[in-house]
Amino acid sequence: MAFGLNRSELFTRCGMSPTVNFPRVLGIECVGVVENSLDPALPEGTVVAAAMGGMGRQFDGSYAEFALLPTTQLMSVRTNLPWTDLAALPESYLTAYGSLEALRLRPGHRFLIRAASSSVGMAALSLAAAMDVEVACTTRTPSKAESLRRHGADHVVLDHGGSIGEGVREVWPDGADRVLDLVGGVTVIDSLRALAPGGSVCNSGILSGTWVIPQFEPLEDIPSGATLTTFSSSAINTGGWAQRVLQDIVERVETGNYRSVIDQVFPLKELAAAHRRMETNQALGKVVAVVHHS
Ligand SMILES: NC(=O)c1ccc[n+]([C@@H]2O[C@H](COP(=O)([O-])OP(=O)(O)OC[C@H]3O[C@@H](n4cnc5c(N)ncnc54)[C@H](OP(=O)(O)O)[C@@H]3O)[C@@H](O)[C@H]2O)c1
């Protein structure tokens, strides 16, 4: 079994998830093998992934040797990928995929990813790079620029902690057709200002730690004809969408069409170091913890 680490687990650890009572085992996702199940459709040995649905928040999550989960939450997966590669996919790729669907991203679009070095951002970059979209990525860390280009970014815009409008207009004088904003809250109005006419912003993340858009005046702040949307992975366990999309993602990673977004792999006993890497913004992509290799 293995699992990817998520920014929201940092928030929970710091007491910033209002719905969580402690003590609680963290971990909102995992991949592994069914050890024991009452569901005949999920016999022992089935390879599965799970994400969200209250894991690590309403009930204990994946930072453990075994996870006890509702069977309705399990997505069976057919794959030859190593556990670590598979562990990096569910939450990051499903969130990126759902966000790109919400944005109605199409070939030919000029697509900006705000906080592209995050695990969700790197997954979005991989999805976009596979569909003939011109991509610009923001980062606050100049040393990450070259890696972002190697992962498919056509342009890198440095985010100096405020407005990115000028940097975006240097790349695309008309602005971006689509923006995935993972910083959220304080940056959403600035992302709307970076849009080309008729463009869309999807705010799927709150790396800023600010859950609301301060002084938001829709008529003033959303350019006429533009759209502001969002995607929440809390919806991924409904209607078989996630199972279908995850299988497709897994197969495309197997064939090299999509990239693995792993930053670094840690053994379970070094979870504190893994959290420190995420917390100090050193990662580029997904930090993964491995529990058992087989
Ligand atoms: N909508 C959903 O259902 C859903 C699902 C999963 C995650 N999320 C959200 O998506 C966001 C990304 O999650 P993640 O787990 O992928 O994050 P992550 O991998 O931990 O992302 C970390 C990177 O984000 C950048 N960053 C951190 N704080 C920032 C800030 N204040 N302003 C700008 N950039 C900042 C840093 O990169 P640089 O050094 O390059 O600046 C950092 O290395 C989080 O807010 C998370 O809660 C939402």
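Quantities reported herein were computed from a predicted structural model and do not represent experimental measurements.

The rules behind the values
- Residues numbered from 1 in each chain as written.
- Predicted model: local features only at pLDDT ≥ 70, side-chain atom pairs only at ≥ 80, totals over all residues.
- Helix = DSSP H or I, 4+ residues; strand = E, 2+ residues; numbered from the N terminus.
- Rg over C-alpha atoms; globule rule 2.2 N^0.38 Å.
- Buried ≥ 20, exposed ≤ 12 C-beta atoms within 10 Å, placed from the backbone.
- Contact = placed C-beta atoms within 7 Å.
- Axes fitted to C-alpha atoms, helices over the stretch in contact; angles between N-to-C directions.
- Parallel < 35°, antiparallel > 145°, perpendicular 65-115°, else oblique.
- Left-handed = near helix turned anticlockwise from the far one by under 90°.
- Nonpolar A, V, L, I, M, F, W, Y, C, P; charged D, E, K, R; others polar.
- Domains from an automatic or database assignment.
- Pairing = 2+ DSSP bridges.
- Near = placed C-beta within 6 Å.

A. The overall build of the protein chain, seen in detail. A count of helices and strands for the protein chain gives 10 helices and 12 strands. Its C-alpha atoms give the protein chain a radius of gyration of 19 Å, near enough to 19 Å, the size a compact globule of 294 residues would have. Burial status across the protein chain gives 46% buried among its 294 residues. Residue pairs in contact within the protein chain that sit at least 24 positions apart in sequence constitute 66% of those at least 6 positions apart.

B. Just unusual backbone geometry, in detail. Between Phe22 and the following residue, Pro23, the backbone shows a cis peptide bond with an omega angle of 5°. You can see Pro23 is positioned in the loop between α1 (7-13) and β2 (29-33). The backbone of Gln215 shows a phi angle near 50°, a positive value even though the residue is not glycine. With respect to the helices and strands, Gln215 occurs in the loop between β9 (195-203) and α8 (218-221).

C. Local environment of the packing of helix α3 (residues 90-103) against helix α4 (residues 119-129). Where α3 meets α4, the axes come as close as 8 Å, and the angle between the chain directions of the two elements is 60°. The angle between the axes of α3 and α4 places the two elements in the oblique class. You can see that α3 and α4 cross each other, and the crossing is right-handed. Two secondary-structure elements touch here, α3 through Ser92, Tyr93, Thr95, Ala96, Tyr97, Ser99 and Leu100 and α4 through Ser119, Val120, Ala123, Ala124 and Leu127. Grouping the amino acids of the contact of α3 with α4 by side-chain chemistry returns 8 nonpolar, 4 polar and no charged.

D. Layout of the domain arrangement of the protein chain. For the protein chain, the assigned domains are domain 1 (2-88 + 260-290) and domain 2 (97-232). The C-alpha centroid of domain 2 is placed 27 Å from the C-alpha centroid of domain 1. Contact residues are listed per partner, giving 7 residues for domain 1 and 9 residues for domain 2. Split by residue class, the side of domain 1 that touches domain 2 holds 2 nonpolar, 3 polar and 2 charged.

E. Looking closely at the pairing of strand β3 (residues 47-51). In terms of burial, β3 is a largely internal element, 4 of the 5 residues being buried. Where β2 meets β3, 5 bridges bridge the pair, whose relative direction is antiparallel. Paired with Gly32 across the strands is Val48, a residue of β3. The sheet contact formed by β3 and strand β4 (residues 75-76) spans 2 bridges and is antiparallel. Bridging from a neighbouring strand, Ala49 pairs with Met75 of β4.

F. How the structure looks around the packing of α3 against helix α9 (residues 241-254). The geometry of α3 relative to α9 is characterised by a closest axis approach of 10 Å and an angle of 105° between their N-to-C directions. Here α9 runs roughly perpendicular to α3, going by the angle between their axes. On α9, the residues touching Pro90, Tyr93, Leu94 and Tyr97 of α3 are Ala242, Val245, Leu246 and Ile249. The residue makeup of the contact of α3 with α9, split by class, is 8 nonpolar, no polar and no charged.

G. Quick peek at the site of the ligand. Around the ligand, the surrounding shell holds 29 residues, and the nearest of these are Ser118, Thr139, Arg140, Gly205 and Ser233. No other element matches the 3 residues that α3 contributes to the shell around the ligand. Of the residues contributing to the shell around the ligand, the split by class is 9 nonpolar, 15 polar and 5 charged. Of the residues that make up the shell around the ligand, three or more belong to each of domain 1 (2-88 + 260-290) and domain 2 (97-232).

H. Structural detail: the environment of Glu270. For Glu270, the location among the structural elements is in the loop between β11 (262-267) and α10 (271-279). On the neighbour-count criterion, Glu270 (13 C-beta atoms within 10 Å) is partly exposed. As a C-alpha pair, Glu270 and Val290 span 20 residues in sequence and 9.8 Å in three-dimensional space.

I. View of α4. Most of α4 is tucked away, with 10 of its 11 residues classed as buried. Structurally, α4 contributes buried residues whose contacts are with β1 (2-4), α3, β5 (110-114), β6 (134-139), β8 (176-181) and β12 (286-290).

J. Quick peek at the environment of Pro223. Along the chain, Pro223 falls in the loop between α8 and β10 (227-229). Separated by 34 residues in the primary sequence, Pro223 and Ile189 have C-alpha atoms spaced 9.9 Å apart. Ignoring sequence-local partners within four residues, the contact set of Pro223 consists of Leu192 and Leu195.

K. Focus on the sheet that holds β5. The strand order across the open sheet built from 6 strands is β7-β6-β5-β8-β9-β10, with neighbouring strands paired in parallel fashion. Every other strand in the sheet has two partners, leaving β7 (155-158) and β10 as the edge strands with one partner each. Looking at each pair of strands side by side, their axes are set apart by 20° on average, direction ignored. The sheet contact formed by β5 and β8 spans 4 bridges and is parallel. Considered in β8, the bridge of Phe111 is made with Arg178.

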